[in-house]
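If you want the building blocks of each chain, they are given just below.
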Amino acid sequence: MKKLSILAVCGAGLGSSFACEMSIEAALKDLGVEADLSHCDISSATSSRADIIMTGENFRSQFQHYTINANIIYLKRLVDKNEIKTKLTPILQEMGHLAV
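Residues numbered from 1 in each chain as written. Predicted model: local features only at pLDDT ≥ 70, side-chain atom pairs only at ≥ 80, totals over all residues. Heavy atoms only, no water.

If you look the chain up in an unreviewed UniProt entry, it shows as PTS sugar transporter subunit IIB from Rahnella woolbedingensis.

Just checking my understanding: could you explain the confidence of the model for the chain for this structure?
Close inspection of predicted coordinates is inappropriate for parts of the model with low pLDDT. Chain-level statistics for the chain give a pLDDT mean of 93 and a share of 99% at 70 or above. Highest mean pLDDT in the chain belongs to helix α4 (residues 81–95) (97); lowest belongs to helix α2 (residues 42–45) (89). (pLDDT = per-residue confidence, 0-100. Helix = DSSP H or I, 4+ residues; strand = E, 2+ residues; numbered from the N terminus.)

Could you clarify how one ought to interpret the packing of aromatic side chains in this entry?
The geometry of an aromatic ring pair comes down to the distance between the two centres and the angle between the two planes. Within this structure, the stated rule accounts for 1 aromatic pair. When the ring of Phe-63 is compared with that of Tyr-74, the centres are 6.4 Å apart and the planes differ by 70 degrees; the resulting orientation is edge-to-face. One end of the pair, Phe-63, is in helix α3 (residues 60–63); the other, Tyr-74, is in strand β4 (residues 71–75), and 11 residues separate them in sequence. The residues Phe-63 and Tyr-74 share a single accessibility class, namely buried. (Phe/Tyr/Trp six-rings, centres within 6.5 Å; stacked < 30°, edge-to-face > 60°. Buried < 20%, exposed > 50% of the residue type's maximum accessible area, 1.4 Å probe, protein only.)

This is the structure:
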């Protein structure tokens, strides 16, 4: 199975997306799932080949302008590990990266 690729996205691709990436990493560790993680800004995310994109709810309208071939998870709090785990778990199960 191909290694999972997850992208954390914020407006500028700097501080908050990096903090989100660290929270995703902690959530994945709790779930026992390995993935390649990175972070970037919205415009770079639109051309990425990530399997999953995690971003703030406030960016939903911007992402709706693009055709993106990835699962997009919108978060209320970018660094909330529990919210990340809750929203990521069903997608990981659906993709076969986490046992049901």
